[in-house]
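Single-letter residue listing:
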Amino acid sequence: MYGGYSLRRLELKDFEQLYALIEKSFPEDEYRIKEEQEALFFRKEYKAYGLVDENSQEIQAFISLWQFEAFAFIEHFAVNPACRNGGMGSSVLQEVLKKQEGMVCLEVELPENELAARRIRFYRRNGFYLNEFPYIQPPISKGRNSIPLRIMTWDKPVSADRFQEIKSTLYQKVYGVQ
């Protein structure tokens, strides 16, 4: 897939490496405490794919997602800081998208700074659309805060009704909010 690396489904034995990359890549309010993140490996809807160095077995990039009946939700996507800006992220994202049937969505920060705007441009280059509907990510874990975000969808934008369905599913099944 990407010279010297293979994309594979991550297992519980990969969790420590995965969590270390999560901690390096996301603000605290955007990931769960360790025990809660690890527990996701026991949920049938949750999957994590990692781009693994075939020699060192180190995870260089990963995508975690929830597979629901109507769509897939990419919860986290990160590339090892030492490997960024070389096309690895696009390759991993496109490979995972090929495995999905139907709509795929993800959350992004509001484009209020250059880094957030760059992320949105990256996803746009990879076929995602920014939906302008207001959205608040509920606290992802104990002691975390809610965050104003936007939903991006792969392949096409969504209607207000479809957005509400996505939001309702995420709130109930990912964040445990009724």
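Before reading on, note that the structure itself is shown above.
Residues numbered from 1 in each chain as written. Predicted model: local features only at pLDDT ≥ 70, side-chain atom pairs only at ≥ 80, totals over all residues. Heavy atoms only, no water.

Colleague: Help me understand the overall build of the protein chain, please; the structure alone is not making it clear to me.
Modeller: From N to C terminus, the protein chain includes 5 helices and 7 strands. Taken over the C-alpha trace, the protein chain has a radius of gyration of 15 Å; the compact-globule value for 178 residues is 16 Å, and the two agree within 12%. The principal-axis extents of the C-alpha atoms in the protein chain amount to approximately 45 × 35 × 35 Å. About 9200 Å² of surface is accessible on the protein chain, with carbon and sulfur atoms providing 47% of the total. (Helix = DSSP H or I, 4+ residues; strand = E, 2+ residues; numbered from the N terminus. Rg over C-alpha atoms; globule rule 2.2 N^0.38 Å. Areas by Shrake-Rupley, 256 points an atom, 1.4 Å probe, with all protein chains shown as cover.)

Colleague: Explain helix α3 (residues 88-98) to me, please; I cannot follow it from the model alone.
Modeller: Buried within α3 are the following residues: Met88, Gly89, Val92, Leu93, Val96 and Leu97. Looking down the long axis of α3, one finds its buried residues gathered within 160° of arc, a one-sided arrangement. (Buried < 20%, exposed > 50% of the residue type's maximum accessible area, 1.4 Å probe, protein only. Arc of directions from axis to C-beta.)

Colleague: Sorry if this is basic, but what is going on with the nonpolar core here?
Modeller: If you look at the biggest cluster of nonpolar residues, it comprises 34 residues, and the most contacted ones within it are Leu10, Leu18, Phe62, Phe71, Phe73, Tyr135 and Leu170. At the level of elements, α1 (15-25), β2 (46-53), β3 (59-67), β4 (71-79), β5 (103-109), β7 (147-154) and α5 (160-174) are the ones that each hand at least two residues to this core. Setting aside residues no more than four positions away along its own chain, Phe62 makes contact with Leu10, Leu18, Leu21, Ile22, Phe26, Tyr49, Gly50, His76, Phe77 and Ala78. Counting residues in each nonpolar core, the second largest holds 26 residues, with Tyr5, Met88, Ile120 and Leu130 among its members. (Core = buried A, V, L, I, M, F, W, Y, C linked by side-chain atoms within 4.5 Å. Contact = heavy atoms within 4.5 Å.)

Colleague: Is there a simple way to think about unusual backbone geometry in this case?
Modeller: A positive phi angle, close to 65°, is found at Gln57, a residue other than glycine. Along the chain, Gln57 falls in the loop between β2 and β3. With relative accessibility at 40%, the residue Gln57 sits in the partly exposed group.

Colleague: Could you clarify how one ought to interpret the pairing of β2 in this entry?
Modeller: Remark: a regular strand shows side chains that alternate across the two faces of the sheet. Across the 8 residues that make up β2, a large majority, 7, are buried. Bridging between strand β1 (residues 5-9) and β2 involves 5 bridges; their strand directions are antiparallel. Bridging across to β2, Tyr5 finds its partner in Asp53. As defined by bridge partners, β2 adjoins β3 across 7 bridges and the pair is classed as antiparallel. Pairing of Leu51 across the sheet is with Ala61, part of β3. Hairpin connection, β2 to β3: the antiparallel pair is bridged by 5 residues, and Gln57 has positive phi, about 65°. (Pairing = 2+ DSSP bridges.)

Colleague: Could you clarify how one ought to interpret the sheet that holds β4 in this entry?
Modeller: Within a sheet, neighbouring strands are paired by backbone hydrogen bonds and run either parallel or antiparallel to one another. Strand order in the open sheet formed by 7 strands is β1-β2-β3-β4-β5-β7-β6, and the pairing between neighbours is mixed. Looking at the sheet topology across the chains shown, the edges are occupied by β1 and β6 (128-137). The sheet shows a mean angle of 25° between the axes of neighbouring strands, direction not considered. The sheet strands contacting α1 are β3 and β4, and the helix crosses β3 at an angle near 90°. Where α3 meets the sheet, it contacts β1, β2, β3, β4, β5, β6 and β7, and its direction lies at approximately 35° from that of β3. (Axes fitted to C-alpha atoms, helices over the stretch in contact; angles between N-to-C directions.)

Colleague: For this particular structure, what's the right way to read the environment of Asp53?
Modeller: Here Asp53 is to be found in strand β2. Spatially, the C-alpha atoms of Asp53 and Gly87 are 16 Å apart, while their sequence positions differ by 34 residues. When residues no more than four places from it in sequence are discounted, the contact partners of Asp53 are Gly4, Tyr5, Glu58 and Gln60. Looking at Asp53, its side chain comes within polar contact range of the main-chain nitrogen of Asn55, at 2.7 Å. (Polar contact = N/O pair within 3.5 Å; in protein donor to acceptor, adjacent residues only side chain to side chain.)

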